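Residue strings, one per chain:
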Amino acid sequence: MDKLRNYDVSFSGLKNGKHVFKFEIDKTFFQLFDTEQEFTNPKITADVFLEKHTTFLEFEIKVHGTVVLVCDITNDEFDYPIENEIKILVNFGEEYDDSNEDVITIPASDHAFNVAQLIYENVQLSIPMKKISPNVSDEDLEILSRFSPKDIEESEEEEHDSDPRWDALRKLKDNN
């Protein structure tokens, strides 16, 4: 966790009210997580808004910027805009607990909260499953659909021409 120390938001010396923290996110940030990324060249800004209350903390984390993705169709690289936000409540308790997705409990003795994992998840959730470049032409899509596998519908007749041994097993299955 020491390698993520730069992403600690220290709240112990802050007055109750609103506070803003800004983090510049690049490839070195993602290298801290030791996972393979689906993108390259991230240029992202994370704005962390903290509203400190007497008994809890409210965090709003907004990420915006760009990453470079590889198109699933043309294999060309393209810039993809990243924009996402999450809100998290942080309570104080006896031990760390993040089992609730909207509320995180940290030990009452903590004086800072690390937002690195939340920033990481916020960016990862912004990456689409299908990466299609805005430069994909209608011609590329036509070629793709022409060579895509077609659904083969089995007719009822083929089902009846099956092996008689399987028919006996199907009868047992239907009876149950």
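**Focus on the pattern of salt bridges**
Then comes step 1: Summed over the entire model, instances satisfying the criterion amount to 4 salt bridges.
Then comes step 2: Of the charged contacts in the structure, one is a salt bridge between Lys-62 and Glu-60, with a shortest N-O distance of 3.7 Å.
Then comes step 3: Its relative accessible area of 30% is what places Lys-62 among the partly exposed residues.

**Topic: the sheet that holds strand E2 (residues 17-25)**
In a beta sheet, neighbouring strands pair by backbone hydrogen bonds and run either parallel or antiparallel.
Then comes step 1: An order of E2-E3-E4-E5-E6 is seen for the 5 strands of this open sheet, with the pairing classed as mixed. Across the chains shown, the open sheet's two edge strands, defined by having one partner strand only, are E2 and strand E6 (103-107). On average, each strand axis in the sheet is inclined to that of its neighbour by 25 degrees, with strand direction left out of account.
Then comes step 2: Sitting on the sheet, helix H2 (residues 116-124) is in contact with E2, strand E3 (40-52), strand E4 (56-70), strand E5 (77-93) and E6, with an inclination near 45 degrees to E4.

**Points about the nonpolar core**
Then comes step 1: The biggest cluster of nonpolar side chains holds 37 residues, and the ones touching the most others in it are Phe-23, Ile-25, Phe-29, Phe-59, Phe-113, Val-115 and Ile-119.
Then comes step 2: The set of elements that each furnish at least two residues to this core consists of E2, helix H1 (27-31), E3, E4, E5, E6 and H2.
Then comes step 3: Among the elements that line this core, the one with the most residues is E4, at 6 residues.
Then comes step 4: If near-sequence neighbours (up to four positions away) are discounted, Phe-29 is found in contact with Tyr-7, Ala-116, Ile-119 and Tyr-120.

**Quick look at the environment of Ala-112**
Then comes step 1: With respect to the secondary-structure elements, Ala-112 resides in strand E7 (residues 112-114).
Then comes step 2: For Ala-112 and Val-9, which are 103 residues apart along the polypeptide, the C-alpha to C-alpha distance reads 5.3 Å.
Then comes step 3: If sequence neighbours within four positions are ignored, Ala-112 has contacts with Asp-8, Val-9, Ser-10 and Phe-11.

**What about the pairing of E4?**
Then comes step 1: Across 11 bridges, the pairing between E3 and E4 is antiparallel. Bridge pairing links Glu-51 to Glu-58 in E4.
Then comes step 2: Two successive antiparallel strands, E3 and E4, enclose a turn made up of 3 residues.

Rules used in this analysis
- Residues numbered from 1 in each chain as written.
- Predicted model: local features only at pLDDT ≥ 70, side-chain atom pairs only at ≥ 80, totals over all residues.
- Heavy atoms only, no water.
- Salt bridge = Lys/Arg side-chain N within 4 Å of Asp/Glu carboxyl O.
- Buried < 20%, exposed > 50% of the residue type's maximum accessible area, 1.4 Å probe, protein only.
- Pairing = 2+ DSSP bridges.
- Helix = DSSP H or I, 4+ residues; strand = E, 2+ residues; numbered from the N terminus.
- Axes fitted to C-alpha atoms, helices over the stretch in contact; angles between N-to-C directions.
- Contact = heavy atoms within 4.5 Å.
- Core = buried A, V, L, I, M, F, W, Y, C linked by side-chain atoms within 4.5 Å.

The values are spatial; any link to function lies outside them.
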